[in-house]
Amino acid sequence: MSSCTVESAVECVNLLGLSEAKLVAFFESIGEKKFRATQVMKWIHQYGVTDFDEMTNISKALREKLKQIAEVRPPELIKQLDSIDGTRKFLISVSGNNAVETVFIPDGERGTLCVSSQVGCSLDCSFCATGKQGFNRDLTCAEIIGQVWIAAKSFGQLTEKGPRKITNVVMMGMGEPLLNFDNSVDAMNLMMHDFCYGLSKRRVTLSTSGVVPMLDKLGEHTDACLAISLHAPNDALRNELVPINKKYPIATLLDSAERYITGLPDNRRKITIEYTLIDHVNDRPEHAHELAELLKNIPVKINLIPFNPFNLSNYKRVSNNALRRFQTILIEAGYTTTVRTTRGDDIDAACGQLAGEVNDITRRSARYGLTGVASEEVVNFVGGNP
Ligand code: SF4
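Because the structure is a prediction, the values reported are computed rather than measured.

**Q** Where do I start with helix α5 (residues 141-154) in this structure?
**A** Along an α-helix, residues three or four positions apart point the same way, because every turn accommodates 3.6 residues. Its 14 residues give α5 an end-to-end C-alpha distance of 20 Å, which sits within 8% of 20 Å, the value for a rise of 1.5 Å per residue. Counting buried positions over the 14 residues of α5 gives 12, a clear majority of the element. Along α5, the positions that sit buried rather than exposed are Cys141, Ala142, Glu143, Ile144, Ile145, Gly146, Gln147, Val148, Trp149, Ile150, Ala151 and Ala152. Just past α5, the residue Gly156 takes up positive phi, approximately 70°.

**Q** Please clarify how the sheet that holds strand β9 (residues 168-171) should be interpreted in this entry.
**A** To summarise the sheet geometry, strands pair through backbone hydrogen bonds and adopt either a parallel or an antiparallel arrangement. Pairing within the open sheet is mixed, and its 10 strands lie in the order β3-β4-β5-β6-β9-β10-β11-β12-β13-β14. The open sheet has two free edges, formed respectively by β3 (76-82) and β14 (337-339), since each of these has just one partner strand. Looking at each pair of strands side by side, their axes are set apart by 20° on average, direction ignored. Bridging between strand β5 (residues 98-107) and strand β6 (residues 110-114) involves five bridges; their strand directions are antiparallel. Counted as the bridge partner of Phe104 is Leu113 from β6. Seen against the sheet, α5 touches β3, β4 (88-94), β5, β6 and β9 and runs at an angle of roughly 135° to β4. Contacts between helix α9 (residues 250-262) and the sheet are confined to β11 (225-229) and β12 (271-277), with β11 contributing the most and set at about 170° to the helix.

**Q** Looking at this structure, I do not really get the pairing of β5. What am I missing?
**A** Within a regular strand, side chains alternate between the sheet's two faces. Counting buried positions over the 10 residues of β5 gives eight, a clear majority of the element. Direction of pairing for β4 relative to β5: antiparallel, over a ladder of seven bridges. When the sheet's bridge partners are listed, Ser93 is paired in β5 with Ala99. Remark: three residues form the turn of the hairpin made by β4 and β5, two consecutive strands paired antiparallel; Gly96 in that turn has positive phi of roughly 90°. The antiparallel hairpin formed by β5 and β6 contains two residues in its connecting segment, where Gly108 sits at a positive phi of about 65°.

**Q** Would you take a moment to explain the nonpolar core for this structure?
**A** One broad trend across soluble globular proteins is that nonpolar side chains are buried collectively. Counting 102 residues, the largest nonpolar core has Leu15, Ile145, Val148, Val169 and Met191 as the members making the most contacts within it. Among the elements that line this core, the one with the most residues is α5, at nine residues. Those residues in contact with Met191 that lie beyond four places of it in its chain are Val148, Val169, Cys196, Tyr197, Leu199 and Val204.

Reading the values: the criteria
- Residues numbered from 1 in each chain as written.
- Predicted model: local features only at pLDDT ≥ 70, side-chain atom pairs only at ≥ 80, totals over all residues.
- Helix = DSSP H or I, 4+ residues; strand = E, 2+ residues; numbered from the N terminus.
- Expected span 1.5 Å × (residues − 1).
- Buried ≥ 20, exposed ≤ 12 C-beta atoms within 10 Å, placed from the backbone.
- Pairing = 2+ DSSP bridges.
- Axes fitted to C-alpha atoms, helices over the stretch in contact; angles between N-to-C directions.
- Contact = placed C-beta atoms within 7 Å.
- Core = buried A, V, L, I, M, F, W, Y, C linked by C-beta atoms within 7 Å.

This is how it looks when you write it as structure tokens:
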């Protein structure tokens with residue numbers, strides 16, 4: 001890896017996390033042509049190169065100059081675990097004594113990478129283990145795209161030709177991506193860039209719990225897919241499960257989501273509705289009927305997620321009967337309704353089991369009885385944005 005030789009690290013620019021526009025601006029600011037941005041993007045994201053000396057279509061003089069002022073620094077991979085079902089989990093160190101997890105889930109031809117956007121989460125959804133950890137900070141763009149870079153590299157995707165393992169990315173790991181708007185958007189746009197990972201815009205999804213003002217702006221910055229963490233068919237119940245609903249209630253959220261999806265150039269896309277099913281909380285037939293009514297005339301598909309229990313939660317996993325009944329009602333109402341199957345159980349990589357290490361600055365983790373960074377409890381059950 002190339003490291004800056006400038007004396008002040010503050011001036012050293014990590015090129016890994018620069019969007020195309022920022023990379024162009026960087027090269028122009030040092031008196032270079034803007035096509036250098038394209039060349040360097042390809043080296044970093046298509047070939048996994050971090051050493052400027054390996055960027056052989058760049059003049060030696062420019063390589064020397066870059067070594068003085070810039071670097072390509074991915075976050076550090078601490079641990080990689082492989083499940084017998086092909087799921088792969090990455091524990092990735094990010095600065096400030098924190099770590100986040102990223103999970104790759106294979107499913108036939110499809111391989112989905114679940115990426116984190118923040119260290120912890122400032123929202124406190126009652127069914128989410130990440131929320132219990134509190135919050136430390138937003139991830140930088142380099143730390144978000146670095147998760148994709150590390151995973152792609154682990155599959156040889158950056159050095160070998162052949163079918164790509166990572167076909168889809170969901171911004172559904174730790175954190176609320178719309179509260180880290182610029183870095184999440186820049187990272188998603190790098191994922192979809194032809195000179196980077198070249199993922200289709202139909203295969204990169206941002207999942208939000210409902211930060212409506214930022215959702216209203218999203219369409220100006222990206223055309224990725226959208227998932228809404230809904231989890232309840234009415235405001236009274238959603239206020240309990242997803243507290244941000246008190247600020248931005250369901251009707252406001254769905255209006256904003258619909259404006260985003262119908263404003264996309266290819267307006268045939270659907271919003272994914274994420275609904276975590278919790279035993280005797282939101283899993284009754286009347287909830288399913290209410291949900292069907294709520295979503296009438298909105299272009300959606302529904303993804304049901306059986307709740308994965310964790311120690312600090314009194315919630316229980318939905319019964320198989322209730323799950324089937326709920327799904328049937330929605331299918332009969334005309335909705336495409338899938339159930340997320342549990343994967344990577346043997347490496348604690350199932351939804352709601354992701355492990356991170358959050359140096360909490362909110363004191364929320366203490367309130368829930370967690371005792372600081374990387375406590376055993378945290379590592380065992382910290383989850384993400386279901
Ligand atoms: S579900 Fe998402 S928004 Fe809610 S606390 Fe968890 S990570 Fe944050």
